[in-house]
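Structural description and commentary
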Amino acid sequence: MFFFGKRKIIISILLFLFMTICGWFWRNREAVSFISQPLSIVEAPFMYGASRLTLLGKYGGVTINKILSNWDELDNLKRENNNLKAQQVAYSEILAENIRLRELLAFKQQYNQYHMLGAKVIAKDYNSWTNTITIDRGADDGVSKYMAVIVPDGAVGFIIEADKMTSKVQLLVDPRTSIGGIIQRPESRVASILKGTGNRSDLLVFGNIPKEADVIKGDTVIASGYGGIYPKGTLIGTVKQVDVDKLGISLEALVKPAVDFTRLEEVFVVIAFEQMIDPLEIKNQVPLTEPAMNPNEQQAKDNKTGD
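Below is a summary of the structure that appears in this document. Since the model is a prediction, treat every value here as computed from it, not as a measurement. (Residues numbered from 1 in each chain as written. Predicted model: local features only at pLDDT ≥ 70, side-chain atom pairs only at ≥ 80, totals over all residues. Heavy atoms only, no water.)

1. Quick notes on the overall build of the chain
Assigned secondary structure in the chain consists of four helices and 12 strands. Counting across all 307 residues of the chain, residues that qualify as buried make up 28%. Pairs at least 24 residues apart make up 58% of the contacts formed inside the chain by residues separated by at least 6 positions. For the chain, the computed accessible surface area is about 21,500 Å², with 59% contributed by carbon and sulfur atoms. (Helix = DSSP H or I, 4+ residues; strand = E, 2+ residues; numbered from the N terminus. Buried < 20%, exposed > 50% of the residue type's maximum accessible area, 1.4 Å probe, protein only. Contact = heavy atoms within 4.5 Å. Areas by Shrake-Rupley, 256 points an atom, 1.4 Å probe, with all protein chains shown as cover.)

What follows is the structure, given as structure tokens:
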């Protein structure tokens, strides 16, 4: 028992001496370099960490509040930006529609000899088996089968089905569609039939042209008025290429339509029209009957005949 008590006393004395020595060295650490330098090295990371924690505790809350505030502001700016984009798209669409409608109105006013009905394209089946479009006008609006459909750029096609509220239009480039055309150039005036090629939906074939006919690249082709569907003079397209046909007995011209069928949005249905008179056709034309004479001239002629 005494042995263990003596041992505890010795250990306590040694710990006291060790703590005394450490305390002395700590108080005099600046004077004793071999103690101060290691202590400084060991102490530095802890002092730096403690200072950073202090700064984080001081400014961290403010920084987090700023981050959250900026995040909310960023969300608000994103929403405002999306709203502005939507408004810009709507404005651009209204502007584009306004320009198109102004052009259509000017065209309708220019050709007042046509009774035209405006319609919107509500479905397209272009560049496929049928090459048709559907419009929002039908029999209730006076639309019927075989009426011509045009736009300011030129001929579009004709009505093949007319329901109560809608109608289906067969486009000019469909192989089943044919239209009488004539070269607009006064020196030519070659007339024939145009049809869709069947292979390329962006071209028409102007065939059965005599080999000696005056048809050249760049000629403008207009509707001849034959058949009574399309008003005479309606623009059809431009000659892009002239070749001899496969049999070698006539010419065949490829015509680029004036209408871009991929961009059709509004069209006109020609309900009725007064056919325009072509000055080239009535030039040098002789009257079939003599003009009527007034009574005095008729009596003088009769007296002269009696003499």
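2. Section: the sheet that holds strand β6 (residues 178–183)
As summarised here, the arrangement of the six strands in space is β6-β7-β8-β11-β10-β9, forming a closed barrel in which the pairing is antiparallel. The average undirected angle you get between the axes of adjacent strands in this sheet is 40°. Pairing of strand β9 (residues 220–223) with strand β10 (residues 235–244), which is carried by three bridges, proceeds in the antiparallel orientation. In the strand pairing of β10, I222 is matched with L235. (Pairing = 2+ DSSP bridges. Axes fitted to C-alpha atoms, helices over the stretch in contact; angles between N-to-C directions.)

3. What about the packing of aromatic side chains?
Per the stated rule, a full pass over the model turns up one aromatic pair. Considering the side-chain rings of Y146 and F158, the 6.1 Å spacing of their centres and the 20° angle between planes classify their relative orientation as stacked. With Y146 in the loop between β2 (132–135) and β3 (148–151) and F158 in strand β4 (residues 154–162), the pair connects residues that are 12 residues apart, well separated along the chain. Judged by relative accessible area, F158 falls into the buried class, the value being 11%. (Phe/Tyr/Trp six-rings, centres within 6.5 Å; stacked < 30°, edge-to-face > 60°.)

4. With respect to the pattern of salt bridges
As enumerated under the stated definition, the model contains five salt bridges in all. One salt bridge in this structure joins D174 and R176, with 2.9 Å as the shortest N-O distance. For R185, the salt bridge identified is with D214, shortest N-O distance 2.8 Å. Of this pair, R185 sits in the loop between β6 and β7 (191–196) while D214 sits in the loop between β8 (204–210) and β9, and the two are 29 residues apart along the sequence. Members of the salt-bridge network, linked through shared partners, are R185, D214 and D219. (Salt bridge = Lys/Arg side-chain N within 4 Å of Asp/Glu carboxyl O.)

5. Structural notes on the pairing of β8
Each regular strand carries side chains that alternate between the two faces of the sheet. Of all seven residues in β8, five are buried; the element is thus mostly enclosed. Judged from the four bridges that link them, β7 and β8 form a sheet pairing that is antiparallel. Bridge assignment links K195 to a residue of β8, and that residue is V205. Summarising the sheet, β8 and strand β11 (residues 250–257) pair through five bridges and their orientation is antiparallel. Bridged to V205 within β11 is L254.

6. Looking at the sheet that holds strand β5 (residues 167–171)
Judged by pairing direction, the barrel is antiparallel, and its six strands sit side by side in the order β1-β2-β5-β4-β3-β12 before closing back on the first. Going across the sheet, the axis of each strand differs from the next one's by a mean of 45°, ignoring polarity. Bridge count between β2 and β5: four bridges; the pairing is antiparallel. Residue pairing across strands places I135 opposite S167, the latter belonging to β5.

7. Considerations on the environment of G227
Of note, G227 is situated in the loop between β9 and β10. Taking the C-alpha atoms as reference points, G227 and G180, 47 residues apart in sequence, are found 7.4 Å from one another.

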